[in-house]
Amino acid sequence: SSPADLPKTRKFADIGVVAMHEDLKDANKTLSSYLISSPFGSSGHGHASQNAFTINFKGKVIFGGTGYYSNFSDKHNLLDYRTSKAYNTILADSLNQKIGEEGYGWIPRAISGKHIQYALGDAGNAYGEIKSDFWLNRFKQINVVPNKTNGYGESGVTVYRRHMLQLEGGYIVLYDELEAKTPIKWTTQFQCPYYTIEAQNTENATEQNFIVNSDLGNVSAKVIANSPLKMQVHNKFFEPAVNWNKVTNDEGQIKDFKEQWHAGITSEAKQKFRFLTIIQIKDGKTEIIKRLDSNDGV
């Protein structure tokens, strides 16, 4: 069968991935997006990236995982590359999801339509202290403690449901349902491994906007909440990436571990919180998304 005859969305429930395509037969010219929430957790080759998304346009990654691999469990690996801080997912009080099989997610449902693609990820079981003896031993080998200073620990998260839609016309919409045992700060993250992020001005404290500078077209994002948000845009890793192991590229040249760009948008401390994110990726101009004020409750 031609790729044109295949559904635009496919749910791979066993590994916890949903793939959504604008045009599968021309994926190198169009928009594709992916939601990850693995029932295997984050051990072995898995990372602490439950409910993380990846967005590709014209066959290139715009939003994706950041960091570099020098060794299975060096300091950069365990404090950055393998952690939630390297992915487009949520930090809870600046803490990562746990590393190990216990830090798992799953995909309850996905829908394939002609104009609307949809996926739902559940990462309510992904947070907390690391319990795996295997990974605790890996931390011990490099004399690092997986405590809150290093981005690990109990945050009290009980609910993290991420609704993700890919809409016709170059739109990605995210709606995050977040709950914890006590009020905590929630941070929704955006990672650009190959392009730069630039913050945009906003007059509303409950909104934050940024653009991605790329050679692929125009990329803009708006994050909306019902209480004030703060945004930090930077190009620094939580733990510096050093190619001490002399990892090489396909041509045999030693890789240059360049800085990569990150945006984090953080709420006030709330026990229950919601993020609404609208991402536009287009060849032409992106639209100005306006919130409609309503006095009649509609």
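As the structure is a prediction and not an experimental result, all values here were calculated from the model. (Residues numbered from 1 in each chain as written. Predicted model: local features only at pLDDT ≥ 70, side-chain atom pairs only at ≥ 80, totals over all residues. Heavy atoms only, no water.)

Draft legend 1. Just the sheet that holds strand β12 (residues 196–200), in detail. Strand order in the open sheet formed by 8 strands is β7-β8-β9-β10-β17-β14-β13-β12, and the pairing between neighbours is antiparallel. With partners counted over all chains shown, the strands left at the sheet margins are β7 (106–112) and β12, one partner each. Direction aside, neighbouring strands of the sheet carry axes that sit 15° apart on average. Two strands pair when backbone bridges link them, and strand β10 (residues 171–184) and strand β17 (residues 270–282) are joined in this way by 10 bridges, in the antiparallel orientation. Counted as the bridge partner of Y175 is L276 from β17. (Pairing = 2+ DSSP bridges. Helix = DSSP H or I, 4+ residues; strand = E, 2+ residues; numbered from the N terminus. Axes fitted to C-alpha atoms, helices over the stretch in contact; angles between N-to-C directions.)

Draft legend 2. Geometry of the pairing of β7. Two elements, β7 and strand β8 (residues 116–122), share 5 bridges in a ladder whose sense is antiparallel. Across the sheet, R109 pairs through a bridge with L120, a residue of β8. Between β7 and β8, which pair antiparallel in sequence order, lie 3 residues.

Draft legend 3. The pattern of salt bridges, seen in detail. Evaluation of the coordinates by the stated rule reveals 8 salt bridges. Between K25 and D23 there is a salt bridge; the shortest N-O distance is 3.1 Å. Using a relative accessible area of 47% as the deciding quantity, one classes K25 as partly exposed. Its salt-bridge partner being E207, residue K222 comes within 3.0 Å of it at the nearest N-O pair. (Salt bridge = Lys/Arg side-chain N within 4 Å of Asp/Glu carboxyl O. Buried < 20%, exposed > 50% of the residue type's maximum accessible area, 1.4 Å probe, protein only.)

Draft legend 4. Inspection of the layout of surface pockets at higher detail. Counted as a void, the largest pocket has a volume near 380 Å³. The wall of the largest pocket is formed by 22 residues, among which K85, L91, Q189, Q232 and H234 lie closest to the centre. For the lining of the largest pocket, the elements supplying multiple residues, two or more each, are β11 (186–192), β15 (229–234) and β16 (261–267). (1 Å grid on protein atoms, 1.4 Å probe; cavity = no way out; pocket = protein on both sides within 12 Å on 5 of 7 lines; lining within 4 Å. Points joined across faces, edges and corners; volume = space filled by probe spheres on them.)

Draft legend 5. Focus on the sheet that holds strand β5 (residues 60–63). The antiparallel open sheet is built from 5 strands, whose spatial order is β1-β2-β3-β4-β5. Every interior strand has two partners, whereas the edge strands, β1 (9–12) and β5, have only one. Put simply, the sheet's adjacent strands are angled 20° from each other on average, direction ignored. Note: strand β2 (residues 17–21) against strand β3 (residues 31–36), 5 bridges, orientation antiparallel. Opposite H21, over in β3, you have S32 as the bridge partner.

Draft legend 6. Layout of the environment of G121. When you line up the elements, G121 lands in strand β8. Separated by 71 residues in the primary sequence, G121 and Q50 have C-alpha atoms spaced 8.0 Å apart. Each residue touching G121, except ones within four places of it in the same chain, is listed here: L35, S37, N51, W106, I107, P108, Y160, R161 and R162. (Contact = heavy atoms within 4.5 Å.)

Draft legend 7. Looking closely at the environment of G156. Inspection of the secondary structure assignment puts G156 in the loop between α2 (133–141) and β9 (157–167). Put simply, G156 and A180 are 24 residues apart on the chain and 5.1 Å apart in space, counted from C-alpha to C-alpha. Discounting chain neighbours no more than four positions away, the residues touching G156 are E179, A180 and K181.

By themselves, these observations are geometric and do not establish any function.
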